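Observations on the model geometry
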Amino acid sequence: MQGLPDNIALEIWMRAVFSSRDARLGGVIKRQVRDVERIVGREAFLSEVAKRGWQALENGRHFIVCCNVEPIRRVRAAGSPARAAD
């Protein structure tokens, strides 16, 4: 969704994001936090995710949305060093 105008309507953007092929098939979608905040606002976006029963993660400059109701489990290779936030 590159090249979006600054004045795109909230409803149009939300419909495009949440009706994407990956979202419809229960996959994962990723959007930059700055774009979400600029176009629709963080709370509106996260409310829409929650309304659908999905989960969102924020990592660095991206929101990652799991477009299904399956649990999220953090995984890492055996022997990987633990991080302070784990």
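Model, not experiment: these values are computed from the prediction. (Residues numbered from 1 in each chain as written. Predicted model: local features only at pLDDT ≥ 70, side-chain atom pairs only at ≥ 80, totals over all residues. Heavy atoms only, no water.)

1. Here we look at the pairing of strand 2 (residues 55-59)
What counts here: When DSSP locates at least two bridges between a pair of strands, those strands are taken to pair. Going along the chain from the N terminus, every DSSP run of H or I of four or more residues is numbered as a helix, and every run of E of two or more is numbered as a strand.
Here five bridges tie strand 2 to strand 3 (residues 62-66), and the two strands are oriented antiparallel to one another. In the strand pairing of strand 3, Gln-55 is matched with Cys-66. Between the end of strand 2 and the start of strand 3, which pair antiparallel, lie two residues, with Gly-60 showing a positive phi angle near 60°.

2. Remarks on helix 1 (residues 10-18)
Note the following rule: Each residue is assigned to one of three classes by its accessible area relative to the maximum for its type, calculated with a 1.4 Å probe on protein chains only: buried under 20%, partly exposed between the two thresholds, exposed over 50%. What the arc describes is the spread of directions from the helix axis to the C-beta atoms. Whether two residues touch is decided by their heavy atoms; if any such pair falls within 4.5 Å, the residues are in contact.
Along helix 1, the residues that are buried comprise Trp-13, Met-14, Val-17 and Phe-18. What you see down the axis of helix 1 is that its buried residues fit within an arc of 115°, all on one side. Turned more than 90 degrees off the buried face of helix 1, the exposed positions are Glu-11 and Arg-15. On the buried face of helix 1, the contacting elements are helix 2 (21-24), strand 1 (28-32), helix 3 (33-39) and helix 4 (42-51).

3. A word on the packing of aromatic side chains
Two aromatic rings, taken as a pair, are described by how far apart their centres are and by the angle between their planes. Our working rule: Stacked, edge-to-face and tilted are the three classes for Phe, Tyr and Trp ring pairs, Trp counted by its six-membered ring, which pair at centre distances within 6.5 Å; planes under 30 degrees apart are stacked, over 60 edge-to-face, the rest tilted.
Counted under the stated rule, the structure contains four aromatic pairs. Between Trp-13 and Phe-45, the ring centres sit 6.0 Å apart and the planes meet at 55°, which makes this aromatic pair tilted. Taken together, the positions of Trp-13 in helix 1 and Phe-45 in helix 4 put the pair 32 residues apart, joining distant regions of the chain. As far as burial versus exposure is concerned, Trp-13 and Phe-45 are alike and both buried.

4. Here we look at the confidence of the model for the protein
The condition that has to hold: Scored from 0 to 100, pLDDT records how confident the predictor is in each individual residue.
Confidence in the prediction for the protein averages 89 pLDDT; 85% of positions are at 70 or higher. In the model of the protein, helix 1 stands out as the element of lowest mean pLDDT, 91, in contrast to strand 3, which has the highest, 98.

5. Quick word on the sheet that holds strand 3
What counts is decided by this rule: Note on geometry: axes are lines fitted to C-alpha atoms, helical ones only across the stretch in contact, with angles between N-to-C directions running from 0 to 180 degrees.
Spatially, the three strands line up as an open sheet ordered 1-3-2, and their pairing is antiparallel. Looking at the sheet topology across the chains shown, the edges are occupied by strand 1 and strand 2. Each neighbouring strand pair of the sheet contributes to a mean axis angle of 20°, computed without reference to strand direction. Here helix 4 sits on the sheet in contact with strand 2 and strand 3, set at roughly 15° to strand 3.

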